[in-house]
Amino acid sequence: SVRLLSPVSDDLLSLIRDREKQPLEFYVDWNRHDYRDSFYGEDYGKSSRQVAAALDEKGYAVFGGEAPGGGGWWSVRARTDKILEAFFPLSAGN
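So, here's what we can say about the structure. What you are looking at is a predicted structure, and each value in this text was computed from that prediction instead of being measured. (Residues numbered from 1 in each chain as written. Predicted model: local features only at pLDDT ≥ 70, side-chain atom pairs only at ≥ 80, totals over all residues. Heavy atoms only, no water.)

1. Let's talk about the packing of aromatic side chains
By the definition in use, this model includes 2 aromatic pairs. For the pair Phe26 and Tyr60, a centre-to-centre distance of 5.1 Å together with 85° between the ring planes defines the contact as edge-to-face. Of this pair, Phe26 sits in strand β1 (residues 25-33) while Tyr60 sits in the loop between α2 (44-58) and β4 (61-70), and the two are 34 residues apart along the sequence. For Tyr60, a relative accessible area of 9% translates into the label buried. Residue placement shows Lys21 over the ring face of Tyr60; its charged tip is 5.4 Å from the ring centre. (Phe/Tyr/Trp six-rings, centres within 6.5 Å; stacked < 30°, edge-to-face > 60°. Helix = DSSP H or I, 4+ residues; strand = E, 2+ residues; numbered from the N terminus. Buried < 20%, exposed > 50% of the residue type's maximum accessible area, 1.4 Å probe, protein only. Lys NZ or Arg CZ within 6 Å of the ring centre and 35° of its normal.)

2. Looking at the side chain of Ser48
Mapped onto the fold, Ser48 is located in helix α2. On the basis of relative accessibility, which here comes to 17%, the residue Ser48 falls in the buried class. Sequence-distant contacts of Ser48, defined by excluding residues within four places in its chain, comprise Val28, Asp29 and Trp30. (Contact = heavy atoms within 4.5 Å.)

3. As for α2
The periodicity of an α-helix, 3.6 residues per turn, causes residues three or four positions apart to be oriented the same way. Between its first and last C-alpha atoms α2 spans 21 Å; for 15 residues at 1.5 Å apiece the expected length is 21 Å, and the two agree. Buried residues of α2: Gly45, Ser47, Ser48, Val51, Ala52, Ala54 and Leu55, and no others. Downstream of α2 by a residue or two, Gly59 has a phi angle that is positive, lying close to 100°. (Expected span 1.5 Å × (residues − 1).)

4. Focus: a nonpolar patch on the surface
A cluster of nonpolar side chains, namely Leu84, Phe87 and Phe88, defines an oily patch on the protein surface of about 320 Å² accessible area. Along the chain, Phe88 turns up in the segment after α3 (73-87). For Phe88, a relative accessible area of 61% gives the class exposed. (Patch = residues over 30% accessible without salt bridge, like charges linked within 9 Å, V, L, I, M, F, W, Y side chains within 5 Å. Areas by Shrake-Rupley, 256 points an atom, 1.4 Å probe, with all protein chains shown as cover. Salt bridge = Lys/Arg side-chain N within 4 Å of Asp/Glu carboxyl O.)

Shown next as structure tokens:
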């Protein structure tokens, strides 16, 4: 059968589901046209969605989501402001 997740993602999902919730927040994003490898059955977008969903189900604050475009540094660079704002929100007084 074809694996839908990589071994790393399987391990990560197990850690999320099996461990006690910690006081953490997460930023998980993926690109609409992220890497898909039909030979190995790897779909990084699908894996990222599943990890984000598992974190959300566990009750963690999860920022990010699907971004337009494909993978690569240029895509991450275009979202750096959203990543920083998720972890360092401006207070109402600033």
